[in-house]
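Structure at a glance
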There are 2 protein chains.
Amino acid sequence: MYEDLMKNECRTPAILLVNPQMGENIGATARAMQNFGLNDLRLVAPRDPWPNPRAYDMAVNAKSLLDSVKIAPTLAEAAADLHRLYATTSRGRDMVKEVLLVADAAPRWVAEMAAGARVGLVFGAERTGLTNDDVARCHAILNIPTDPENASLNLSQAVIIAAYEWFRHGAVAVTPLTSTSSRNASPRNPETLSPPATTAELQGFFDQLEAGLEAGGFFKTEQIKPRMWRNIINLFTRARMTEQEVRTLRGAVRALQNND
Amino acid sequence: MYEDLMKNECRTPAILLVNPQMGENIGATARAMQNFGLNDLRLVAPRDPWPNPRAYDMAVNAKSLLDSVKIAPTLAEAAADLHRLYATTSRGRDMVKEVLLVADAAPRWVAEMAAGARVGLVFGAERTGLTNDDVARCHAILNIPTDPENASLNLSQAVIIAAYEWFRHGAVAVTPLTSTSSRNASPRNPETLSPPATTAELQGFFDQLEAGLEAGGFFKTEQIKPRMWRNIINLFTRARMTEQEVRTLRGAVRALQNND
């Protein structure tokens, strides 16, 4: 995975739409992305079959971007190769998670990408937004400030504001990562000691952990499990772990399971 | 005019769409405005009859904002009560005019409104944008930075970025104007000596001037006139004149005409 980054294949944030309902919003998203130099669009379980003619109608000059859309059944799969996920939501969430104004988050995307991370910006379905389970898988919450009495942004309009902030802060500021620069990075920052873990690597750990917890009777009832599990995912996600740390934890889980 | 400002009736920028073609864009504009606390939408010679059902379909919760839309046949009439106009355009223009990034312009709107001015943000038709004549009537050009290869923003998406910047910088920062604060304003700033001229006051001056120039044979040919006149309008608009200065100039024109 990290080798791909060395080749500098991914230099803009990915846009991930979870359960988009309206093809028009997918097309308007593609058009807005192209205006601001973004080209990596991913759909998680869209409502309508793909390709969606309504999306193509709205995309105007961005039809080729739609041709390269990636589709996956879950956020974890759609984001498998990404290292940093930002959940866009206006509702408060009952979980410990950093909340950033989008204008303050954009410089961080630039810095993270300059350090070799792949960044994904995650948007929920038109009416319902992101589920708590999806928010838990993201490293921080993006807030777009709006009138509290009319807080609900159109999906593609939320995307365009994030894309605008990206372009304004750093579309040209992200420099190619070289192996030299990453090797010479300061050892004071634990994240530079090892590449950040991808979503897929985290998921591998989560699967292992969940199975271990299930086997160990950790989840007292089926009713209580979703919330408990979400809190665990949130906690580990928030930690922004490196590949090495994930490997360490996986070894720790195995070690614990052998201790009988 | 200025008395209205004392009553603090207009505390958000107006959005002016010149020759909008698609009702969908008018509706999406209204929705975006409401998200960011804007409520003054004006249409200059829209293509389709008003009320436009396609606009209402797209407005979702902003239908009441559409009910209060103002319609006028020209930009000068639509902006008659406004003091500061910003033209949104991505194309370079062959005229001397300040160009501001929208993120840098927003704090200025806040300051101008805090000083009692009414601000209007002007957007052109979907495919063609603003005419040079309309740009000439604006005090500055707003630039929304985009990928040069895909610079053409959807109309409602351009509006939402301007509205977002407004909200981010100062939706709550604009304080009511009191007569005391305006009277006590520093005499060092010529704009505070007299209220800024409205577009209507400027237009009265322009009409007088144009008639005087016509009568005096200033415009050598009908072919050359539009460009010459546009340059004059641009020059006086750029000056950001006060009411008092406009009155002075009108007197000057009359004086010149009497000098025979």
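Our subject in this report is the structure included herewith.

Quick notes on the rules
- Residues numbered from 1 in each chain as written.
- Chains lettered and ligands numbered in written order.
- Predicted model: local features only at pLDDT ≥ 70, side-chain atom pairs only at ≥ 80, totals over all residues.
- Heavy atoms only, no water.
- Salt bridge = Lys/Arg side-chain N within 4 Å of Asp/Glu carboxyl O.
- Helix = DSSP H or I, 4+ residues; strand = E, 2+ residues; numbered from the N terminus.
- Axes fitted to C-alpha atoms, helices over the stretch in contact; angles between N-to-C directions.
- Parallel < 35°, antiparallel > 145°, perpendicular 65-115°, else oblique.
- Left-handed = near helix turned anticlockwise from the far one by under 90°.
- Contact = heavy atoms within 4.5 Å.
- Least-squares fit on C-alpha atoms with pLDDT ≥ 70 in both.
- Buried area = accessible area lost by both parts, 1.4 Å probe.
- Polar contact = N/O pair within 3.5 Å; in protein donor to acceptor, adjacent residues only side chain to side chain.

Moving on to the pattern of salt bridges. Residue and element names in this part refer to chain A. All told, the structure shown has 30 salt bridges over all chains when counted by the stated rule. One salt bridge connects Arg230 with Asp133, and the closest N-O pair in it is separated by 3.3 Å. Of the two residues, Arg230 sits in helix α12 (residues 225-238) while Asp133 sits in helix α7 (residues 132-136), which places them 97 residues apart along the sequence. Glu210 is the partner of Lys225 in a salt bridge, and the nearest nitrogen-oxygen pair spans 2.7 Å.

Turning our attention to the packing of helix α2 (residues 23-35) of chain A against helix α8 (residues 155-170) of chain A. All names here are of chain A. Between α2 and α8, whose axes approach to 8 Å, the crossing angle comes to 15°. On the basis of their axis angle, the class for α2 and α8 is roughly parallel. Helix-helix and strand crossings are classified by hand; for α2 and α8 the assignment is right-handed. Where α2 approaches α8, its residues Asn25, Ala28, Thr29, Ala32 and Met33 are matched on the opposing element by Leu155, Ser156, Val159 and Ile160.

Rotating chain A by 180° and moving it 0.0 Å along the rotation axis overlays it on chain B with an RMSD of 0.1 Å. Expressed as a symmetry operation, the mapping of one chain copy onto the other fits a two-fold axis. Counting the interface residues of chain A, we find that 100% of their copies in chain B are interface residues as well, pointing to one common contact surface.

What follows concerns the interface of chain A and chain B. Bring the parts together and some accessible area is lost; that lost area is often taken as the interface size. On the chain B side, the residues contacting the 26 residues of chain A number 26 residues. Between chain A and chain B, roughly 2,200 Å² of surface is buried when both sides are summed, and carbon and sulfur atoms account for 54% of that area. Of all residues in chain A, Asn35(A), Gln157(A) and Tyr164(A) bury the most surface against chain B, accounting for 27% of the area lost on that side. Counting across the chain A and chain B interface gives 2 salt bridges. For Glu165(B), the salt bridge is made with Arg168(A), and the minimal N-O distance between the two is 3.8 Å. Viewed at the interface, chain B and chain A are joined by 10 residue pairs in polar contact (both at pLDDT 80 or more). Among the secondary structure elements, those contributing two or more residues to the side of chain A that touches chain B are α2, α6 (102-114) and α8 of chain A. Top element by residues in the side of chain A that touches chain B is α8(A). It accounts for 8 residues.

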